[in-house]
Amino acid sequence: MFESLAGYRPQWLRADVVAGLTVWAVLVPEALAYASIAGVPPVVGLYAAIPSLILYAAAGSSRHLVVGPMSATAALSAAIVTPMAGADGGRYIALSAALAIATGVAGLLAGAIRLGFVAAFISEPVLKGFIVGLALTIIIGQVPKLFGIPKHEGDFFEQAWGVLTRLGDIQWRTLVVGVVSLAIVLVSKRWLPLIPGSLLAVLVGIAAVGLFDLDHKGVAIVGHIDAGLPSVGLPGVEFGDFVDLLGPAVGVLLIGFAEGLGAAKTYAARAGYQVDANRELLGLGAANLGAGLASGMVVNGSLSKTAVNGSAGAKTQVSSLVVAGLTVLTLLFLTGLFDTLPGLLVGIGISMLLLVYRTSRPHVVRVVRSGTLWVDADRHPEIGSRPDLLVVRVESGLFFANADHVREQIQRLCTDHTRMVVLDAETSPSIDVTAAAMLADLRRDLGRRGIDFRIARSIGQFGDALTAAESRATAPGLYPTVSAAVADLPPSNDEP
């Protein structure tokens, strides 16, 4: 529990508190907005934030990841709950909390049986494409609020057509408030990164409503937000509803886990530590379970808030605990200021999962020189090798599902004496953008250890994709043969 606090130093406290204050300023307005995307009262976003921040800090492995309501999972929650709730608002809120509980249970079970390796099966380009699609859906759902016109129900295209047919009904005061708010957020992000643009936009909006009486002139406002802490317990739904939500909850977990793990890995790499995918599942599961039991909504790791946390100097999850405490104070004293997935999973069979699993764990071979040839070192133990040189082959193409495994195997084979690593790419006929980025990251990681990383005999698509995906400044050096790659390595007295 609270792994990120191990070895905590008192001098870190100031940085964590400052980071917590900064994240809180961003989280509060965003939690209110994401709750609206999920179709629940804005305060539900704050209810979800408090337990998720605390429980992820207790069970997760990242020192920097901030967990809370997010746009992608909020949109998925709305899509899942709407058909089940119908026009019953109370049932809608209860089902949203039940979905968070179901997602939490799924996460805890997945973490307990160590399914973290599933993250390797999620292609980053596919995930980004999915999130872009969600973003477009969210945008078209929010445009009517920006224009002050009624929302048209239906799919993306039906909603877009509804906006186009009502352009003549735009409320200009609402549009001005919306455009100014967007400008504040974007300008703050671009030129004033230390200022929480979301909170500033909320404060300016509050001031504008008060000064110009906008709420009585056609501008819709959030309205009253109940003060006080949420009730804790199971939502008022039937057991059968929980069963019905388990399938969709797995899909929500998958998307939230992939998005959060990406953010966690990014900042772990910058700070020089590792995250554990299985503990991330446990952390996300605990966070969602707590959010649901506290009358909240589904949550996941946030790249944007994690970036704020990291840039503000956070050292550990103490910053998240500070955010949780400040959010409690917000609920107690400051609320007056703020007036398809099941079908995606059905087709995945056990045989396909096993096939992908095997592909994701290719054999990484250490090779040694035998005359003019480079041969498998394990099959020729009689051939010695120089301790400062590591030459490896990957007996597979390199792609998103095996990129992390290959990097870990190469790093494991390096020793304190290693000064050069050469990847013999002759047995790797293909590579995708995720694996190309991995090789660039590996080059940087090894460079910090004083190890030169090079690639030899890249054939066909491998060399073309690597050159296209990475700049010359970050791409490893390419050589026509292994011998050419090691030609400038100083002679070793240990070489046979």
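It should be emphasised that the depicted structure is a prediction, and the values quoted were computed from it without experimental measurement.

(A) Spotlight on the overall build of the protein chain. When helices and strands are counted, the protein chain shows 18 helices and eight strands. For the protein chain, the C-alpha radius of gyration of 26 Å lies close to 23 Å, the compact-globule estimate for 496 residues. The principal-axis extents of the C-alpha atoms in the protein chain amount to approximately 85 × 50 × 45 Å. The buried share of the protein chain, taken over its 496 residues, is 47%. For the protein chain, the accessible area works out to roughly 23900 Å², and carbon and sulfur atoms hold 64% of it. Averaging the positions of the 35 positive and the 38 negative side-chain charges in the protein chain gives two centres separated by 6 Å.

(B) Layout of unusual backbone geometry. A positive phi angle is found at Asp213, which is not glycine, with a value near 55°. Assignment of secondary structure puts Asp213 in the loop between α8 (197-212) and α9 (239-271). Positive phi is not limited to glycine here, since Ser295 has a value of about 65°. If you trace the backbone, Ser295 turns up in the loop between α10 (277-293) and β2 (300-302). A relative accessible area of 23% places Ser295 in the partly exposed class.

(C) Structural context of the packing of helix α1 (residues 13-38) against helix α11 (residues 303-311). Where α1 meets α11, the closest approach of the two axes is 8 Å, and the angle between their N-to-C directions is 165°. Between α1 and α11, the interaxial angle falls into the category roughly antiparallel. Considering the relative orientation of α1 and α11, their crossing is right-handed. Here α1 contributes Ala19, Thr22, Val23, Val26, Leu27, Glu30 and Tyr34 to the contact with α11, which in turn contributes Ser304, Lys305, Val308 and Asn309.

(D) Structural view of the domain arrangement of the protein chain. One can read the domain layout of the protein chain as domain 1 (3-168 + 215-337) and domain 2 (362-486). Placing the centre of domain 1 and that of domain 2 at their C-alpha centroids yields a distance of 39 Å.

(E) Inspection of the packing of aromatic side chains at higher detail. For the structure on display, the rule yields three aromatic pairs. Geometrically, the ring pair formed by Tyr8 and Trp12 is edge-to-face, given 5.6 Å between the ring centres and 85° between the ring planes. Each ring, one from Phe399 and one from Phe400, has its centre 5.5 Å from the other, and the planes form 90°; the classification is edge-to-face. Look at Phe400 and you get partly exposed, because its relative accessible area is 25%. Taking the ring centre of Tyr273 as reference, the NZ or CZ of Arg63 above it sits at 4.2 Å.

(F) Representation of the packing of α1 against helix α2 (residues 43-59) in the model. Contact pair α1 / α2: the axes reach a minimum separation of 7 Å and the direction vectors enclose 120°. Our classification of the angle between α1 and α2 gives oblique. Relative to α2, α1 is oriented so that their crossing is right-handed. Across the interface between the two elements, Leu27, Val28, Ala31, Leu32 and Ala35 of α1 pack against Val43, Gly45, Leu46, Ala49 and Leu53 of α2. Residue composition of the contact of α1 with α2, by class: nine nonpolar, one polar and no charged.

(G) Expanded view of the environment of Ala484. In this fold, Ala484 is placed in helix α18 (residues 482-485). Sequence separation of Ala484 and Arg457 is 27 residues, and the distance between their C-alpha atoms is 9.8 Å.

(H) Up close: empty space enclosed by the protein. As a volume, the largest cavity reaches approximately 70 Å³. Forming the walls of the largest cavity are Tyr56, Leu65, Val67, Gly256, Phe257, Gly260, Leu261, Glu280, Leu284 and Gly301. At the level of secondary structure, the elements contributing two or more residues to the lining of the largest cavity comprise α9 and α10. The biggest single contributor to the lining of the largest cavity is α9, with four residues. A class-by-class count of the residues in the lining of the largest cavity yields six nonpolar, three polar and one charged.

(I) Structural context of the sheet that holds strand β7 (residues 452-456). The six strands are arranged β4-β3-β5-β6-β7-β8 in an open sheet whose pairing can be described as mixed. Strands at the two margins of the open sheet, each flanked by one partner only, are β4 (373-376) and β8 (477-479). Each neighbouring strand pair of the sheet contributes to a mean axis angle of 35°, computed without reference to strand direction. Sheet strands in contact with helix α16 (residues 433-448) are β6 (420-424) and β7, and its direction is about 145° off that of β7.

(J) Summary view of the pairing of strand β5 (residues 389-394). Of all six residues in β5, six are buried; the element is thus mostly enclosed. Residues Leu389, Val391 and Arg393 of β5 are buried on one face, and the alternating residues Leu390, Val392 and Val394, pointing to the opposite face, are buried as well. Across four bridges, the pairing between strand β3 (residues 364-370) and β5 is antiparallel. Its bridge partner being in β5, Val365 is matched across the sheet by Arg393. Where β5 lies against β6, five bridges are found, and the strand directions are parallel. Counterpart to Leu390 in the pairing with β6 is Val421.

Cut-offs applied
Residues numbered from 1 in each chain as written. Predicted model: local features only at pLDDT ≥ 70, side-chain atom pairs only at ≥ 80, totals over all residues. Heavy atoms only, no water. Helix = DSSP H or I, 4+ residues; strand = E, 2+ residues; numbered from the N terminus. Rg over C-alpha atoms; globule rule 2.2 N^0.38 Å. Buried < 20%, exposed > 50% of the residue type's maximum accessible area, 1.4 Å probe, protein only. Areas by Shrake-Rupley, 256 points an atom, 1.4 Å probe, with all protein chains shown as cover. Lys, Arg positive; Asp, Glu negative; His and termini not counted. Charge placed at Lys NZ, Arg CZ, Asp CG, Glu CD. Axes fitted to C-alpha atoms, helices over the stretch in contact; angles between N-to-C directions. Parallel < 35°, antiparallel > 145°, perpendicular 65-115°, else oblique. Left-handed = near helix turned anticlockwise from the far one by under 90°. Contact = heavy atoms within 4.5 Å. Domains from an automatic or database assignment. Phe/Tyr/Trp six-rings, centres within 6.5 Å; stacked < 30°, edge-to-face > 60°. Lys NZ or Arg CZ within 6 Å of the ring centre and 35° of its normal. Nonpolar A, V, L, I, M, F, W, Y, C, P; charged D, E, K, R; others polar. 1 Å grid on protein atoms, 1.4 Å probe; cavity = no way out; pocket = protein on both sides within 12 Å on 5 of 7 lines; lining within 4 Å. Points joined across faces, edges and corners; volume = space filled by probe spheres on them. Pairing = 2+ DSSP bridges.

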